[in-house]
Amino acid sequence: MSRPLGTLDPSAETAPRAAGGRAPDVFSREGWVPMRCFRDEDEVDFAVIGTGAGGGVLAARLAEAGFSVVALDAGPFWRPLADFASDEREQDKLYWSEERLSTGGDPLQFGSNNSGRAVGGSTVHFQMVTLRFRPEWFRARSDLGYARDWPVDPDAMWRYYAEVEAELGIAGPVRYPWGPRRGRYPYRPHEVNAAGHVLARGAEAVGIDWSPTPLATVSAPRGKAPPCVYRGFCKIGCSTNAKQSVLNTFIPRALAAGAEVRDLAMVGRIETDRTGRATGLHYHRGGRWRFQRARAVAVAGYSIETPRLLLNSAGPAHPDGIANAEGLVGRHLMPHVNDAVWGVMDEEIRWYKGPPSMAVSEHWNYTDDHPSKDFPGGYAFMSQGPMPADFATSLVSNTGMFGQALRNRMALYNNMAGLKSVGEVLPDPDNRVELAEERDALGLPLARVTFSYGEEDRALSRHARAFQREVLEAAGARDLFETTGTAHLMGGCAMGATPSEGVVDGDGRAWSCPNLWVCDGSAMPTGGGVNPALTIMANAARIADTIIAERAPDRRG
Amino acid sequence: MTRYPGYDVLAKRDTPSWDEATRRVVDARLAGPAARPVLEERDYRTLAALCDAVVPQPDRAEPIPVAPVVEAAIAEDRTTGTRFEGLPTMREAWGRGLAALEAEARLRHGTAFADLTPETREALLHAVDAEEVEAPEWDGLAPRRLFRDVMADEILRVYFAHPAAWSEIGFGGPASPRGYVRLGAGRRDAWEAPFAPPPDGGER
Amino acid sequence: MSPAAAPPVPSRSAPVEGYRPLAQATLVLAGAAGLVALGALLPRLARRARPAPAPAARLRRGAAVLSASVLADSATEHYRGSYHHRAMFAAPAMAGATLASLGPGTGGPGVRRATQRSAIATGLAGNLFHLRNAMRRPGAPSWETLFYAAPLGAPGALAMAGIGGLVASGLEQAPPGGETARRLGRRLALGTSAGLAATSAEAALLHFRGAFHAPAMWLPVTLPPVAALALAGAAWRPGERGIGRARGLLRATAAMGLLGMAFHARGVARNMGGWRNWSQNLQVAPPMPAPPAFAGVALGGLAALDLMEAP
Ligand SMILES: Cc1cc2nc3c(=O)[nH]c(=O)nc-3n(C[C@H](O)[C@H](O)[C@H](O)COP(=O)(O)OP(=O)(O)OC[C@H]3O[C@@H](n4cnc5c(N)ncnc54)[C@H](O)[C@@H]3O)c2cc1C
Ligand code: SF4
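Definitions and limits used
Residues numbered from 1 in each chain as written. Chains lettered and ligands numbered in written order. Predicted model: local features only at pLDDT ≥ 70, side-chain atom pairs only at ≥ 80, totals over all residues. Heavy atoms only, no water. Contact = heavy atoms within 4.5 Å. Buried area = accessible area lost by both parts, 1.4 Å probe. Salt bridge = Lys/Arg side-chain N within 4 Å of Asp/Glu carboxyl O. Axes fitted to C-alpha atoms, helices over the stretch in contact; angles between N-to-C directions. Helix = DSSP H or I, 4+ residues; strand = E, 2+ residues; numbered from the N terminus. Parallel < 35°, antiparallel > 145°, perpendicular 65-115°, else oblique. Nonpolar A, V, L, I, M, F, W, Y, C, P; charged D, E, K, R; others polar. Near = heavy atom within 4 Å. Phe/Tyr/Trp six-rings, centres within 6.5 Å; stacked < 30°, edge-to-face > 60°. Pairing = 2+ DSSP bridges. Buried < 20%, exposed > 50% of the residue type's maximum accessible area, 1.4 Å probe, protein only.

Novice: I keep staring at the interface of chain C and chain A and nothing clicks. Help me out?
Specialist: It is common to give the size of an interface as the accessible area that goes away when the parts come together. Taken together, the 18 residues of chain C in the interface contact 26 residues of chain A. Roughly 1,900 Å² is buried in total at the junction of chain C and chain A, and carbon and sulfur atoms are behind 61% of that figure. Three residues, P138, Y148 and M272 of chain C, lead the burial of chain C against chain A; their summed loss comes to 32% of the area buried on that side. For the interface between chain C and chain A, the tally reads two salt bridges.

Structure, rendered in structure tokens:
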């Protein structure tokens, strides 16, 4: 098996770009920026594995605080202006397409539905929806009576949300209708497209609030980034740099602060000594295995790769994998319910224009005691704008529609509108990542992922579909049909207040390995009813600050 | 059969709607895949018939080439990131799946899958999708998963990667550096497809 | 819609919200004409004529700059709005007519006056149209409607140009002197000062939409209000010092209007694709014809000051 390489510059996916004292300048077509480089023998303060939402933020903050940092990513280092085409198939190169085994009652779909593999991680192709958790969710068990609490201070998270929003130049509404007051978003909201106005009209007809979605793409110039041109290819990478991904925000900052970013560097195992402390990591780059020494290691490889790596890193003091003393690594994996309702409008909507989700309603995240609410947790729902192949394949996958019927349906592409939910799935220890017997090309065991919905999750999914149907009908859509699905993986190495409740503590430090941190979506104890990237980033910023406040990364050990 | 007659995404190739990267990618695609025949002649015929059933193109004088591109993907063993339980890895899934389709056709109709009438072919695929299969070749192949999430998935990705398919549905096509100005319903930019007649309700 | 209702021919050339290439091309030309007019007028302003032009001439020139700005701006903005309502043609058409009526020797005085009066009516009607448009959008009223619906106050600029033209003609036909001139000057000053404030308010809204991402964006929301205050102050309590201060600030405001055009041109270049992507960026980047409106209004203010100093 082999993952698809792009046709534009396959060498970017086989030969590292960031090397020899320089890294790609992401704001140019072929330029470079200087990069400080470390040797494998140098014992760096922090080796960060993964440069996505979690790892990118952490690496930048630590480097800016003066730590020596090497950040490794399995994926390539893209220059969006030259490397990204307006083409779905070419851009398959952004996703993590190596096979993961999927099983369970409701097996998950990975790849383009799920995670990326590039410097900048999944934020390179994320759809830029940047919503905050409802503050009570950080104390879901104590305040709302379901799932579990985060071992963190909700007020602190609220502050870090504001910080990351400023660092990303989020374009959001002047007044956000839900939750406690928040400061003004750094950029004003984008003009809502027709697809978003379908949601708006439906919401107004059924009497609930809606809002322009806060988005990580700028509505006016920001530094070297031009404002969004509403080309709508966000999910396959933004070729203008308007999107504020980790690749064009935190990575340049990390480099400028003296971090080294190694692309095409796949970490296979973390090495630990007899006392259980991490000493460095084995990584594959340039055709061979190498070993980077490090005083501390932070893992931020996404909710599948982080557990996979920890499980594959058994050592003398960690017989079942690093930080797995309680057998929790890989457990409590959570997707979001991503069910959608679609319909045909009389007017041409042309949902290919603009970012895909320009309008949102968080009504059911902030409504607790409506008689129809028969599930804990909540969900947001958003307007949609899938690209042609994406939409066609979701049709066949969900409805089995093919042949002339499918072509007829696709002929109405420009008249389609849709609403899609992001709904909370409760943590369940049996939903998990494990190592399979089978190995990949590098000899690493494949991840096997088991997932099944619970009763509460099904109740939420039913509610979301029925309610979205009501809204879409109220907006004037007809010929409605539904699709089901999941998105965004979280959990797998959750934070917990005690070693029996989580793999890492509230500061992201492993309970059973004092110089190992987990700093990505896998550290999330619950998933909430909103897209996770902003929460992952805010949490990473918070974790970074606790490390910086302690100064010595390995004091506890 | 298109609602957008006369609209051709390719007419924008040399406007600011297309950048150099996109031109290179689409040009290469239109030139066709480098010939990499990996399938036996019989399997290829089954594949071609399958592509034709998933996206029939009786309306096109020059059909969008789908089967050769799918074959190239099979040759590449192009993975999507997911291997569902009950399915082998991509290339094997295709190989065994095409054989199972063929076996099923012979078992039911006594003829090759490729020689079935379009109606029979379609009915057979609906049976596969409903997991009502009889041939032993399906053993360990999870028919619906295979049909929807491996075969039809790849076929549709290939079909909708072709500019003619973009034009057919009135999609704007490549858009960088120039995106769009008019985002409202029933509004369009000068470089978009003209409006189509309102939908008549389709297969309501 | 029933299947039978669908037209037999698949392509409808003029649906409700039709894209009308010919009409639009005409209006793009009109926009360009407005820009050219601005280009021709502005250097004349930049030069300091000696002896100073008569107040009437100054006022007329101010009104001309303003209507040229409205012509170019409304032609592009309404093009962006696809001219989906027939009335949208009125704005650039009236602005063009007003511009013509302010030129030397076009039409008789009666025709000119009628044109300028219609400009005032069109401008005020435009305000109402824009209000209606804004209130129809989902979420209205809200900041988002203010940002992206038709701008509520903008058509007022056309009305201002009409008023300026009428007053200028009046002045030319029967040049007032002494107390009459001074009283007229004070009234004109108050009116202009309100106009400056309104223009500045619109810039404030749009620059807020742009998150004041460049420091220069603060200029048009600070300088003109100060100039407006100084102008109103001078009208309230005329005195040499007050008039001098107001004059300085108004000149600065006029210069800022010109500079703004250059800044906005840079804005076009900064958007994705820059000038090569003009077909998109001239519509979405900061509007080049908008800032000179400040110069037009400021000229009106200068004319008012001249009148106030009448012997
Ligand atoms: C199509 C799509 C759209 C999305 N849209 C949104 C959205 O609109 N809003 C939102 O909030 N979220 C969205 N998400 C989800 C969001 O992108 C992710 O939840 C988030 O980026 C996860 O952050 P992370 O740090 O856990 O992992 P990632 O951002 O995925 O980063 C992980 C990185 O680690 C690297 N890596 C993994 N293992 C190794 C290893 N062993 N060695 C070296 N490197 C390794 C990977 O290459 C990757 O670059 C979307 C996701 C997808 C797939
Ligand atoms: S719509 Fe905006 S954010 Fe999305 S790809 Fe285009 S320019 Fe980038």
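Don't stop here, the text continues.
Novice: Would you take a moment to explain the packing of helix α2 (residues 41-54) of chain B against helix α4 (residues 90-109) of chain B for this structure?
Specialist: If you want to describe how two helices pack, look at the angle between their axes and the distance between the axes. All names here are of chain B. At their nearest, the axes of α2 and α4 sit 9 Å apart, and the two run at 80° to each other. When the axis of α2 is compared with that of α4, the two are roughly perpendicular. Two secondary-structure elements touch here, α2 through R42, D43, T46, L47 and L50 and α4 through W94, L98, A99, L101 and E102. In terms of residue class, the contact of α2 with α4 is made up of six nonpolar, one polar and three charged.

Novice: Could you clarify how one ought to interpret the site of ligand 2 in this entry?
Specialist: Around ligand 2, 13 residues are found, and the nearest of them are C228, R231, G232, C234 and C238 of chain A. Here the shell around ligand 2 is built from residues that sort into nine nonpolar, three polar and one charged.

Novice: Help me out: how do you make sense of the packing of aromatic side chains in this one?
Specialist: The relative placement of two aromatic rings is captured by the distance of their centres and the angle of their planes. All names here are of chain A. Within this structure, the stated rule accounts for 32 aromatic pairs over all chains. Geometrically, the ring pair formed by W364 and Y379 is stacked, given 6.5 Å between the ring centres and 25° between the ring planes. Of the two residues, W364 is situated in the loop between β14 (359-361) and β15 (379-383) and Y379 in strand β15; the sequence distance between them amounts to 15 residues. Aromatic side chains W364 and F467 sit 5.4 Å apart centroid to centroid with 85° between the ring planes, which places their arrangement in the edge-to-face category. Residue W364 is found in the loop between β14 and β15, and its partner F467 is found in helix α10 (residues 455-474); the two are separated by 103 residues along the sequence.

Novice: Would you explain the sheet that holds strand β18 (residues 445-450) of chain A in this entry?
Specialist: Pairing between the strands of a sheet is mediated by backbone hydrogen bonds and can be parallel or antiparallel. Spatially, β17(A)-β18(A)-β5(A)-β1(B) is the arrangement adopted by the four strands of the open sheet, whose pairing is mixed. Of all the strands in the sheet, just β17 (432-439) of chain A together with β1 (82-84) of chain B have a single pairing partner and so form its edges. Averaged over all neighbouring strand pairs, the angle between strand axes comes to 35°, with direction disregarded. Strand direction decides the pairing type here: β17 of chain A and β18 of chain A, joined by five bridges, are antiparallel. If you follow R439 of chain A over to β18 of chain A, its bridge partner there is P445 of chain A.

Novice: What am I meant to see in the pairing of strand β19 (residues 478-483) of chain A here?
Specialist: All names here are of chain A. The buried fraction of β19 amounts to five of the six residues, a majority that puts the element mostly inside the structure. Pairing between strand β13 (residues 340-344) and β19: four bridges, direction antiparallel. Opposite A340, over in β19, you have T483 as the bridge partner.

Novice: Before we go on, may I ask you to explain the sheet that holds strand β4 (residues 69-72) of chain A in this structure?
Specialist: Residue and element names in this part refer to chain A. Strand order in the open sheet formed by five strands is β7-β4-β3-β11-β21, and the pairing between neighbours is parallel. Since the sheet does not close on itself, it has two edges, and those belong to β7 (260-262) and β21 (516-518), each with one partner. Averaged over all neighbouring strand pairs, the angle between strand axes comes to 20°, with direction disregarded. Taken together, the three bridges between strand β11 (residues 297-299) and β21 define a ladder with parallel strand orientation. In the sheet register, V299 faces β21, and the bridge partner there is V518.

Novice: Even after reading the chapter, I still don't get the interface of chain B and chain A, so can you show me in this structure?
Specialist: With 78 residues of chain B at the contact, the number on the chain A side is 76 residues. Around 6,300 Å² of area is buried between chain B and chain A when both sides are counted, 51% of it from carbon and sulfur atoms. Area buried by chain B at its contact with chain A is led by R83, R157 and L183 of chain B, which between them contribute 12% of it. Taken together, the links from chain B to chain A amount to nine salt bridges. With a closest N to O distance of 3.1 Å, R407 of chain A and E168 of chain B form a salt bridge.

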